[in-house]
2 protein chains.
Amino acid sequence: MGIIDRKQRQKEEVRASILDTAWQMVVSEGWQSFSIRKIADAIEYSVPVIYSHFENKDAILLEFNRKGFQLLADTLRKAKEGTSDPADQIRAMATAYWNFAFENKEYYQLMYGLGIPTCETVSKIPALVDFNEVVTSSLVAMVAPGKQPSFDPFLKYQSFWSMLHGLVSINMSALGHPIGQTDGQDKKEGKHDNLPRQVLDDVVCSFIRGIQAAENNH
Amino acid sequence: MGIIDRKQRQKEEVRASILDTAWQMVVSEGWQSFSIRKIADAIEYSVPVIYSHFENKDAILLEFNRKGFQLLADTLRKAKEGTSDPADQIRAMATAYWNFAFENKEYYQLMYGLGIPTCETVSKIPALVDFNEVVTSSLVAMVAPGKQPSFDPFLKYQSFWSMLHGLVSINMSALGHPIGQTDGQDKKEGKHDNLPRQVLDDVVCSFIRGIQAAENNH
DNA sequence: AATTTTGCCTAACACTGTTACAAAATGTAA
DNA sequence: TTACATTTTGTAACAGTGTTAGGCAAAATT
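A quick note: this is a predicted structure, and the numbers were derived from the prediction, not measured.

> Which parts of the structure should I look at to understand the overall build of chain A?
Scanning chain A for helices and strands turns up ten helices and zero strands. Listing the helices and strands of chain A from first to last along the sequence gives α-α-α-α-α-α-α-α-α-α. Radius of gyration (C-alpha) of chain A: 22 Å, far over the 17 Å computed for a compact globule of 218 residues. Considering only C-alpha atoms, chain A reaches an extent of 70 × 55 × 30 Å along its principal axes. Going through the 218 residues of chain A one by one, you find that 45% of them count as buried.

> Looking at this model, I keep getting lost on the confidence of the model for chain A. Mind explaining?
Any segment with low pLDDT has predicted coordinates that should not be analysed in fine detail. For chain A, mean pLDDT is 89; residues scoring 70 or higher make up 91% of the total. Within the model, pLDDT remains below 50 along residues 182-187 of chain A, and this stretch shows one contact once partners closer than five positions in the same chain are excluded.

> How do you make sense of the protein's contact with DNA strand C when you look at a structure like this?
Inspection of the region around DNA strand C gives 18 residues, with Ser46 of chain A together with Arg6, Arg37, Tyr51 and Lys57 of chain B positioned closest. In DNA strand C, the atoms that sit within 4 Å of the protein are 50% sugar and phosphate, with bases accounting for the remainder. Between DNA strand C and Arg37 of chain A, the relevant distance is 3.4 Å, taken from a base nitrogen to a side-chain nitrogen or oxygen of the residue. At 3.3 Å from a phosphate oxygen of DNA strand C is found a side-chain nitrogen or oxygen belonging to Ser35 of chain B. Breaking the surface near DNA strand C down by element, the ones donating at least two residues are helix H3 (47-51) of chain A together with helix H1 (2-29), helix H2 (36-43) and helix H3 (47-51) of chain B.

> Can you walk me through the nonpolar core in this structure?
As a rule of thumb, nonpolar side chains are buried together in soluble globular proteins. Membership of the largest hydrophobic core comes to 138 residues, with the highest contact counts inside it found for Phe69, Tyr97 and Trp161 of chain A together with Phe69, Tyr97 and Trp161 of chain B. Those residues in contact with Trp161 of chain A, other than ones at most four positions away along the chain, are Phe69, Tyr97, Tyr112, Leu128 and Phe131 of chain A together with Ile170 and Leu175 of chain B.

> Mind showing me how you'd approach the protein's contact with DNA strand D here?
The immediate surroundings of DNA strand D are formed by 19 residues, with Ile36, Arg37, Tyr51 and Lys57 of chain A together with Ser46 of chain B found nearest. Between DNA strand D and Ser35 of chain A, the relevant distance is 3.3 Å, taken from a phosphate oxygen to a side-chain nitrogen or oxygen of the residue. Ser46 of chain B places a main-chain nitrogen or oxygen 2.8 Å from a phosphate oxygen of DNA strand D. If you list the elements that add at least two residues to the surface near DNA strand D, you get helix H1 (2-29), helix H2 (36-43) and H3 of chain A together with H3 of chain B.

> Looking at this structure, how should I read the interface of chain A and chain B?
Many descriptions give the size of an interface as the accessible area lost when the pieces come together. With 45 residues of chain A at the contact, the number on the chain B side is 45 residues. Seen at the junction of chain A and chain B, the total is two salt bridges. A salt bridge links Lys156 of chain B to Asp202 of chain A; the shortest N-O distance between them is 2.9 Å. Where chain A touches chain B, the interface holds nine residue pairs in polar contact (both at pLDDT 80 or more). Elements supplying a minimum of two residues to the side of chain A that touches chain B: helix H6 (105-113), helix H7 (119-123), helix H8 (127-142), helix H9 (153-172) and helix H10 (195-216) of chain A.

> Where do I start with helix H9 (residues 153-172) of chain B in this structure?
An α-helical turn contains 3.6 residues, so a residue and the one three or four places further along point in the same direction. Over its 20 residues, H9 of chain B extends 28 Å from the first C-alpha to the last, a length consistent with the 28 Å expected when each residue adds 1.5 Å. Taking the backbone nitrogen of Phe154 of chain B as reference, a side-chain oxygen 3.1 Å away marks Asp152 of chain B as the first, capping residue of H9 of chain B.

> I'm lost on the packing of H9 of chain A against H9 of chain B in this one. Help?
When two helices pack together, their arrangement is captured by the angle between the axes and the distance separating the axes. Two elements in contact, H9 of chain A and H9 of chain B, have axes separated by 7 Å at closest approach and are oriented at 110°. Judged by the inter-axis angle, H9 of chain A sits roughly perpendicular to H9 of chain B. Between H9 of chain A and H9 of chain B the crossing geometry is right-handed. Across from Gln158, Trp161, Ser162, Met163, His165, Gly166, Leu167, Ser169, Ile170 and Asn171 of chain A in H9 of chain A, the residues of H9 of chain B making contact are Gln158, Trp161, Ser162, Met163, His165, Gly166, Leu167, Ser169, Ile170 and Asn171 of chain B.

> Looking at this structure, I do not really get the pattern of salt bridges. What am I missing?
Side chains bearing opposite charge may pair, as long as their charged atoms lie close to each other. Residues and elements named next belong to chain B. Taken as a whole and assessed by the stated rule, the structure comprises ten salt bridges over all chains. Close ionic contact of Arg77 with Asp130 constitutes a salt bridge, the shortest N to O distance being 3.7 Å. Of the two residues, Arg77 is situated in helix H4 (residues 57-79) and Asp130 in helix H8 (residues 127-142); the sequence distance between them amounts to 53 residues. Owing to a relative accessible area of 35%, Arg77 belongs among the partly exposed residues under this scheme.

> What is the right way to read the relation of the copies chain A and chain B from this model?
Here the second copy of the chain follows from the first by a rotation about an axis and a shift along it. For the match of chain A to chain B, the screw axis carries a shift of 0.0 Å, the RMSD comes to 0.0 Å, and the turn is 180°. Both copies are brought into coincidence by an operation consistent with a two-fold rotation axis. Nearest to the rotation axis, the C-alpha of Gly166 of chain A is located 1.8 Å from it, this being the minimum over chain A.

> Is there a simple way to think about the packing of aromatic side chains in this case?
Any aromatic ring pair is given by two values, namely how distant the centres are and how the planes are angled relative to each other. Applying the stated criterion to the full structure yields 32 aromatic pairs over all chains. Taken together, the ring pairs in this structure connect Phe69, Tyr97, Tyr108, Tyr112, Phe131, Phe154, Tyr157 and Trp161 of chain A into an aromatic cluster.

> Mind showing me how you'd approach the side chain of Ser162 of chain B here?
Residue and element names in this part refer to chain B. Residue position: Ser162 is located in helix H9. Taking relative accessible area as the criterion, Ser162 reaches 0% and is therefore assigned buried. Of the polar contacts made by the side chain of Ser162, one reaches the backbone oxygen of Gln158; its length is 2.7 Å.

> What exactly am I supposed to notice about the domain arrangement of chain A here?
All names here are of chain A. By domain assignment, chain A separates into domain 1 (1-54) and domain 2 (61-216). Taking the mean C-alpha position of each, domain 1 and domain 2 sit 33 Å from one another. The partner domain 2 presents nine residues to the eight residues of domain 1 that form the contact. Carbon and sulfur atoms supply 78% of the area that domain 1 and domain 2 bury against each other, a total of about 840 Å² over both sides. On the domain 1 side of the interface with domain 2, the three residues burying the most area are Leu19, Trp23 and Trp31, jointly 70% of the side's total. Our count for the domain 1 to domain 2 interface comes out at two residue pairs in polar contact (both at pLDDT 80 or more). Along the lines of polarity and charge, the residues of the side of domain 1 that touches domain 2 split into seven nonpolar, no polar and one charged.

> Sorry if this is basic, but what is going on with H2 of chain A here?
Residues and elements named next belong to chain A. All of the buried residues along H2 are Ile36, Ile39, Ala40 and Ile43. Burial along H2 is one-sided: seen end-on, the buried residues are contained in an arc of 100°. Facing away from the buried surface of H2 by more than 90 degrees, the exposed residues are Arg37 and Asp41. Residues of H2 that are buried sit in contact with H1, H3 and helix H4 (57-79). N-cap assignment for H2: the residue whose side-chain oxygen lies 3.2 Å from the backbone N of Arg37 is Ser35. Among the residues trailing H2, Glu44 stands out with phi positive, at a value near 60°.

What counts as what
Residues numbered from 1 in each chain as written. Chains lettered and ligands numbered in written order. Predicted model: local features only at pLDDT ≥ 70, side-chain atom pairs only at ≥ 80, totals over all residues. Heavy atoms only, no water. Helix = DSSP H or I, 4+ residues; strand = E, 2+ residues; numbered from the N terminus. Rg over C-alpha atoms; globule rule 2.2 N^0.38 Å. Buried < 20%, exposed > 50% of the residue type's maximum accessible area, 1.4 Å probe, protein only. pLDDT = per-residue confidence, 0-100. Contact = heavy atoms within 4.5 Å. Near = heavy atom within 4 Å. Polar contact = N/O pair within 3.5 Å; in protein donor to acceptor, adjacent residues only side chain to side chain. Core = buried A, V, L, I, M, F, W, Y, C linked by side-chain atoms within 4.5 Å. Salt bridge = Lys/Arg side-chain N within 4 Å of Asp/Glu carboxyl O. Expected span 1.5 Å × (residues − 1). Axes fitted to C-alpha atoms, helices over the stretch in contact; angles between N-to-C directions. Parallel < 35°, antiparallel > 145°, perpendicular 65-115°, else oblique. Left-handed = near helix turned anticlockwise from the far one by under 90°. Least-squares fit on C-alpha atoms with pLDDT ≥ 70 in both. Phe/Tyr/Trp six-rings, centres within 6.5 Å; stacked < 30°, edge-to-face > 60°. Domains from an automatic or database assignment. Buried area = accessible area lost by both parts, 1.4 Å probe. Nonpolar A, V, L, I, M, F, W, Y, C, P; charged D, E, K, R; others polar. Arc of directions from axis to C-beta.

See below:
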């Protein structure tokens, strides 16, 4: 009975084409033009077909959310493979995080921007655990075992994540741009050329020093 | 001719009632139920009346955006009035920022969440300059004049802001909650009770130390 | 060949922001 | 007070959105 097999395959194909087409539209036209009807038009099916694959619009967004966090976790994992020094791993992950955000703006905007994620949503994104583990493992590797009994990996994990997200979030919007400089009146000076990266380095540097300093004081 | 005077006053009243009613609805029902038609219903006018006061929906949002940033800047200004020590001022502003965000979730969600602010939007929020100045003035006061020639107040301002926003942003969503703990299986332990505040202290502390350490190394 | 099941589409419902146009209310002038 | 002009307001439409009920036709089963 290869018939139900073929049907299964065809159904999968439609589902994939929904996601592919939707993503393509988001990348080329932004989230504001993410619409069930437009997707239906593009895949040349009627609207209810989409609802036979996804419960509602949010379910499609959730799918992309999962992919996004999975991609982020994988990216960080790969980034820290280069070295075995925990501090270097932290630095590598920081720049990888930054690059991921700006190379996948659509993902990042979905993951943090569109709609405040609820507890239920978060529980449906297993890759968040991966993300947590990848970061935390480097953090615990930074402190010698036994020393720093007050060291809280989860706290440091949240600090690290918050720093990075804050940096990205503000720089991805126009809020991070210097104020009042509508046109580049003194572009040549360049003290603030590539400022965001400097801020990133600055913040990551003091984060790492914060952990190492506590190491020496105990 | 007090007639046009009275008309002016009445028009202002309607405008105010639009904003008041809209805000009331947002606070009680969230941003998802922010609708021109609902506002029109609530103020007992027809829809086009609203469009005679605001160009479109975004114009109303912009109004709240301005108020939000003005409120934030004022809050920080008041918070640092307590002390004259720059480091204490930074600390005070950090906690004030945190409190502002969670006491005015609707404002904060609008200011950073709903729609990525563009350059044009940012230029229409004058309070951003105030915010910048309030924070920066304490930052420059931290370093003795002459020392630290490489000290960049704008960079540190961005670091500070990013840290705070990242912290707030992640903790205001469900992303900041410990993973997998759907129900409070071990609530009594309490190592992570009030963790967000600890993270805030941790991050602010290392930020200040980062500036002070550079002071001593030059 | 008749019947059941499946897949699919049309059309509707209830919303949204926005606007053209007509009606009503108001002000001004004779 | 009446006639005209102006401003203010409401109705109703247009073009979208997410979502779903009902029916039709093709495919699979009996």
